[in-house]
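Secondary and tertiary structure notes
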Amino acid sequence: MGNAELQSIHVHPVKAFRGVTPREAVVEPWGLAGDRRWALIDDGGKVVTQREQPRLALAAAEPLPGGGVLLSAPGQEPLTVAAPEPTATVPTHVFGTKVEAVPASDAAHDWCSGYLGAYVRLVHMDDPATRRPVDPEYALPGETVSFADGYPLLVTTVASLDALNSLIAQGDDAAEGPLPMNRFRPNVVVAGTEPWAEDHWTRIAVGEVVFRVAKASGRCVVTTTDQDTAVRGREPLRTLARHRRLGTRLLFGQNLVALTPGTIRVGDPVRVLS
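Below or above, wherever it landed, is the structure these notes cover. (Residues numbered from 1 in each chain as written. Predicted model: local features only at pLDDT ≥ 70, side-chain atom pairs only at ≥ 80, totals over all residues. Heavy atoms only, no water.)

Section: helix H2 (residues 158-169)
Taking 1.5 Å per residue, 12 residues should reach 16 Å; H2 reaches 16 Å between its end C-alpha atoms and fits that length. Buried residues of H2: Ala159, Ser160, Leu161, Ala163, Leu164, Asn165 and Ile168, and no others. Buried-residue contacts for H2 involve strand S12 (153-157), helix H3 (237-243) and strand S17 (249-258). (Helix = DSSP H or I, 4+ residues; strand = E, 2+ residues; numbered from the N terminus. Expected span 1.5 Å × (residues − 1). Buried < 20%, exposed > 50% of the residue type's maximum accessible area, 1.4 Å probe, protein only. Contact = heavy atoms within 4.5 Å.)

As structure tokens, this is what we get:
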């Protein structure tokens, strides 16, 4: 793979909110430290994402010491939310999986509901080691995940985005491109590979940390949402449907599970182990 390296790291403390881009991150078994430990749920306990609420793209969450978050959004005063004590939990449904989560303060619920104009609650995953297993079809025994869509980490490559943008430029919706990487909301972005090289990885090392490649990532309508304006278009799904379809899934990026603990840093070499 030559001189592949870790170009950027992305942590999203609240699922569906914009996140932060630290220079380094601790890798825990269930994902990057602090990534997607919080989520919004509706009155039925179902997790709310940009699929239903594109305006979440404009809301931001910054991690605070002790597991709390600083929330900000257009038209809202910033709000500091502490990690709640796990004295009681509420059932939370993440894509058909029931997970127990700890509700945040009423002030946090009100802030989030006020921003969206719909009743939601903010909940916290207090113990990701036990709360939610990875899809057993693609998991090893004991693997767990935070509120991420299905797997602890998502990796994308710069070369594959460049290739995708070239295809978009040749299509009917060329004016929508080129798309930035934030459409795909990855955790780690790798530079220095060939386009689509990640399709063939089964194990990789990023610096000192070894990852298992669980499966390719099937993409949804969130990728059509401009993360700076919350406006939806048709790309990249239109182009992925033509060039990157596997059955009903439109593929971009790979899902990862850490096999060893450690810290990853921007600039770390990325090696394909198998």
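The structure having been displayed, the exposition proceeds.
Observations concerning the side chain of Arg36
Within the secondary structure, Arg36 sits in the loop between strand S3 (31-32) and strand S4 (38-41). By relative accessible area, Arg36 is classed as buried at 8%. At a separation of 3.0 Å, a polar atom in the side chain of Arg36 contacts the side chain of Asp35. Aside from chain neighbours lying at most four places away, what touches Arg36 is His12, Pro13, Lys15, Ser146, Phe147, Ala148, Arg185 and Asn187. (Polar contact = N/O pair within 3.5 Å; in protein donor to acceptor, adjacent residues only side chain to side chain.)

Focus: helix H1 (residues 106-116)
All buried positions along H1 are accounted for by Ala108, His109, Trp111, Cys112, Ser113, Tyr115 and Leu116. Check the buried side of H1 and you find it contacts S4, strand S7 (69-72), strand S8 (79-81), strand S10 (97-103) and strand S11 (121-124). Positive phi shows up at Gly117, right after H1, with a value of about 70°.

Points about the sheet that holds S8
Reading across the sheet, the 3 strands line up as S6-S7-S8 and stay open at both edges, with antiparallel pairing between neighbours. Two strands lie at the open edges of the sheet, namely strand S6 (60-63) and S8, each paired on one side alone. With strand direction ignored, the average angle separating the axes of adjacent strands in the sheet is 25°. Relative to S8, S7 is paired through 3 bridges, and the arrangement is antiparallel. (Pairing = 2+ DSSP bridges. Axes fitted to C-alpha atoms, helices over the stretch in contact; angles between N-to-C directions.)

Details of the pairing of S12
Residues in a regular strand project their side chains so that they alternate between the two faces of the sheet. Extensive coverage of S12 is indicated by the burial of 5 of its 5 residues. On S12, burial covers both faces: Leu153, Val155 and Thr157 on one face and Leu154 and Thr156 on the other are all buried. Pairing analysis gives 3 bridges linking S12 to S17, with the strands arranged antiparallel. Counted as the bridge partner of Val155 is Gln254 from S17.

Quick notes on the sheet that holds S3
The sheet built from 3 strands is open, its strands ordered S3-S2-S18 with antiparallel pairing. The two strands at the open ends of the sheet, each matched to only one other strand, are S3 and strand S18 (262-265). With 2 bridges connecting them, strand S2 (residues 24-28) and S3 associate as antiparallel partners. The residue of S3 that forms the bridge with Val27 is Leu32.

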